[in-house]
Amino acid sequence: MAAILCALVLGGQTEVSHPYSVGYDLHRIRVDCETATHVVEVGLDKRSSLDSLQQALFAASLTGKTPMIAIVDTDGREGPYEFRIRTAAEKVGVAYEVWHSDWLIRRQMTDWLRENRGTGPGS
């Protein structure tokens, strides 16, 4: 889902790696989606996404870009984890967006129509 959202909707690059050092050690983080202006942490509407805000803020500190959180909604409602993430993001002024998984899948399935627009007979 992150790849669909990043490449087809946000126009970014997925899984961009950034180094940082702590003491004498070199470490790396991977940004789920990076655009020219934003670092986007993409997560499902599950407990595993509770660290999205921290990850987006840390990536923003390394890149100088604006942090953003994109949640992929799988059940059509705001559950407790989405509520917690959205509330915390609003508190610190980080953009928060929700994309429904069905819409993302349809977007991917019909992308070829957008790419070929204007190239067929009668165009």
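Here the structure is shown first, and the text comes after it.
What you see is a predicted model; the values in this text were computed from it and never measured.

Engineer: Can you break down the nonpolar core residue by residue, with the values?
Structural biologist: Grouped together as the largest cluster of nonpolar side chains are 11 residues: Ile4, Leu5, Cys6, Cys33, Val40, Val42, Met68, Ala70, Val72, Trp99 and Leu104. Contributing elements (two or more residues each) for this core: α1 (2-10), β3 (38-44) and β4 (66-73). Among all residues touching Cys33, those that are not within four sequence positions of it are Cys6, Leu10, Gly12, Gln13, His38, Val39, Val40 and Val42.

Engineer: Break down the state of the cysteines for me, citing the residues and quoting the values.
Structural biologist: Linking two cysteines covalently via their sulfur atoms produces the bond known as a disulfide. Overall, the coordinates contain one disulfide when judged by the stated rule. A disulfide bridge connects Cys6 with Cys33, and the sulfur atoms are separated by 2.2 Å. In this structure, the disulfide formed by Cys6 and Cys33 twists by about 80 degrees around the S-S bond and is classed as right-handed. Highlighted residues: Cys6 in helix α1 and Cys33 in strand β2 (residues 25-34), separated in sequence by 27 residues. Taking relative accessible area as the criterion, Cys6 reaches 0% and is therefore assigned buried. Residue Cys33 is classed as buried on the basis of its relative accessible area of 0%.

Engineer: Give a description of the packing of aromatic side chains that names residues and reports values.
Structural biologist: Each pair of aromatic rings is reported with the distance of its centres and the angle of its planes. Counted according to the given criterion, the structure contains two aromatic pairs. A ring pair is formed by Tyr20 and Phe58, whose centres lie 5.0 Å apart and whose planes are at 80 degrees; its orientation type is edge-to-face. Of this pair, Tyr20 sits in strand β1 (residues 13-22) while Phe58 is found in helix α2 (residues 52-63), placing the two residues 38 residues apart along the sequence. A relative accessible area of 23% places Tyr20 in the partly exposed class. With a relative accessible area of 28%, Phe58 lands in the partly exposed category. Ring centres of Trp99 and Trp103 lie 5.4 Å apart, and the angle between their planes is 40 degrees; on these two criteria the pair is classed as tilted.

Engineer: Please provide a residue-by-residue account of helix α4 (residues 101-109), values included.
Structural biologist: Those residues of α4 not exposed but buried are Ser101, Leu104 and Arg107. Seen from one end, α4 has its buried residues packed into an arc of 120 degrees, which puts them on one side.

Engineer: Give a detailed account of the packing of α1 against α4, specifying residues and quantitative values.
Structural biologist: Viewed as axis vectors pointing N to C, α1 and α4 meet at an angle of 60 degrees, and their least axial separation amounts to 10 Å. Our classification of the angle between α1 and α4 gives oblique. Crossing angle aside, the handedness with which α1 passes α4 is left-handed. Contact residues: α1 offers Ile4, Leu5, Leu8 and Val9, while α4 offers Trp103, Leu104, Arg107 and Gln108. For the contact of α1 with α4, the per-class residue count stands at six nonpolar, one polar and one charged.

Rules of the game
- Residues numbered from 1 in each chain as written.
- Predicted model: local features only at pLDDT ≥ 70, side-chain atom pairs only at ≥ 80, totals over all residues.
- Heavy atoms only, no water.
- Core = buried A, V, L, I, M, F, W, Y, C linked by side-chain atoms within 4.5 Å.
- Buried < 20%, exposed > 50% of the residue type's maximum accessible area, 1.4 Å probe, protein only.
- Helix = DSSP H or I, 4+ residues; strand = E, 2+ residues; numbered from the N terminus.
- Contact = heavy atoms within 4.5 Å.
- Disulfide = S-S within 2.5 Å.
- Phe/Tyr/Trp six-rings, centres within 6.5 Å; stacked < 30°, edge-to-face > 60°.
- Arc of directions from axis to C-beta.
- Axes fitted to C-alpha atoms, helices over the stretch in contact; angles between N-to-C directions.
- Parallel < 35°, antiparallel > 145°, perpendicular 65-115°, else oblique.
- Left-handed = near helix turned anticlockwise from the far one by under 90°.
- Nonpolar A, V, L, I, M, F, W, Y, C, P; charged D, E, K, R; others polar.

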